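# Coordinate inspection notes
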Amino acid sequence: MPRRLLKRYLPDHRSFKEHKHLRWLGDWLHDPNLWHLHRRSVSGAFSVGLFMAFVPVPFQMVLAALGAMIFRVNLPISVALVWVSNPFTMPAMFWFCYQVGTWLLGRPERQVRFQLSWEWLSTTMLAIWQPFLLGCFVVAVVAAVLGNIAVRIVWRLNVAAHHRRRVRARALRRARSYRDLS
């Protein structure tokens, strides 16, 4: 992964440690793995962030931060990836999760129209909660695993390309130095 690019946009870890509302976390925020950018930390952060993006609860960012602290992966990336589920993408994501859940349970799909009301939650959501939550869990696990694997592959390809560039540059410098000597 382009580490310099990520470092440019990620906040400084000292600003989190010194923030007055986050001091109660104490040593949890001092773990270096929460701030380092290496393959394990970033790929784990993708897993935590993508998993929490499919959890249908409010305050997903808090859950992602706690997951990053528990699994000792990059905290800012975990929290940022939760925004995959935002007000624009959430309806499509949760509709897909519901479809996956009905397919896994072998139940017929119900035509559901979303309404933000207590009546809708107590009637319609009560009728579809099983396929919806099962679909959310399965899609979250699949997204977390695929995100982790994709980051590890991209990271490895980037490291290999960087190594090839260094070898080529070294060979070019040697060829120039031999040419200059003769």
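Residues numbered from 1 in each chain as written. Predicted model: local features only at pLDDT ≥ 70, side-chain atom pairs only at ≥ 80, totals over all residues. Heavy atoms only, no water.

### A short note on the overall build of the protein
Tallying secondary structure elements over the protein gives seven helices and zero strands in all. For the protein, the sequential pattern of α-helices and β-strands runs α-α-α-α-α-α-α. For the protein, contacts bridging at least 24 residues in sequence account for 69% of all contacts bridging at least 6. Total accessible area on the protein is roughly 12700 Å²; 66% of this is exposed by carbon and sulfur atoms. (Helix = DSSP H or I, 4+ residues; strand = E, 2+ residues; numbered from the N terminus. Contact = heavy atoms within 4.5 Å. Areas by Shrake-Rupley, 256 points an atom, 1.4 Å probe, with all protein chains shown as cover.)

### A look at the nonpolar core
Nonpolar side chains in soluble globular proteins tend to be buried together. With 30 residues, the main nonpolar core has Val42, Phe54, Leu75, Ile77 and Cys97 as its most contacted residues. Going through the elements one at a time, α3 (39–53), α4 (60–71), α5 (75–81), α6 (90–105) and α7 (118–181) are the ones with two or more residues in this core. Ranked by residues supplied to this core, first place goes to α7 with eight residues. (Core = buried A, V, L, I, M, F, W, Y, C linked by side-chain atoms within 4.5 Å. Buried < 20%, exposed > 50% of the residue type's maximum accessible area, 1.4 Å probe, protein only.)

### Considering the packing of α3 against α4
At their nearest, the axes of α3 and α4 sit 9 Å apart, and the two run at 145° to each other. Crossing of α3 over α4 shows right-handed handedness. Only Gln60, Leu63, Ala64, Gly67, Ala68 and Phe71 of α4 make contact with α3, whose side of the interface consists of Arg40, Val48, Met52 and Ala53. Classifying every residue of the contact of α3 with α4 by side-chain character gives seven nonpolar, two polar and one charged. (Axes fitted to C-alpha atoms, helices over the stretch in contact; angles between N-to-C directions. Left-handed = near helix turned anticlockwise from the far one by under 90°. Nonpolar A, V, L, I, M, F, W, Y, C, P; charged D, E, K, R; others polar.)

### Re α3
Note on helix geometry: an α-helix contains 3.6 residues per turn, so any two residues three or four positions apart are oriented the same way. With 15 residues, α3 extends 21 Å between its outermost C-alpha atoms, agreeing within 8% with the 21 Å of an ideal straight helix rising 1.5 Å per residue. Within α3, eleven of the 15 residues are buried, which leaves the element mostly enclosed by the surrounding structure. If you check which residues of α3 are buried, you get Ser41, Val42, Ser43, Gly44, Ala45, Ser47, Val48, Gly49, Leu50, Met52 and Ala53. (Expected span 1.5 Å × (residues − 1).)

### A look at the confidence of the model for the protein
Confidence in the prediction for the protein averages 83 pLDDT; 80% of positions are at 70 or higher. Helix α2 (residues 13–17) is the least confidently modelled element of the protein, averaging 61 in pLDDT, while α3 averages 94, the highest of any element. (pLDDT = per-residue confidence, 0-100.)

### Quick notes on the packing of aromatic side chains
Tallied over the entire structure, the rule returns two aromatic pairs. Taking 6.3 Å as the distance between ring centres and 85° as the angle between the ring planes, the aromatic pair formed by Phe51 and Phe137 counts as edge-to-face. Within this pair, whereas Phe51 is found in helix α3, its partner Phe137 is found in helix α7, the two being separated by 86 residues in sequence. Consider the rings of Phe94 and Phe132, whose centres lie 5.5 Å apart with planes at 85°: the pair is edge-to-face. Taken together, the residues span a long stretch of sequence, with Phe94 in helix α6 and Phe132 in helix α7 at a distance of 38 residues. Given a relative accessible area of 8%, Phe132 falls into the buried group. (Phe/Tyr/Trp six-rings, centres within 6.5 Å; stacked < 30°, edge-to-face > 60°.)

### Describing the side chain of Ser85
Structurally, the position occupied by Ser85 is in the loop between α5 and α6. The class of Ser85 is buried, set by a relative accessible area of 3%. Setting aside chain neighbours within four positions, we find Ser85 in contact with Ala53, Gln60, Met90 and Met93.

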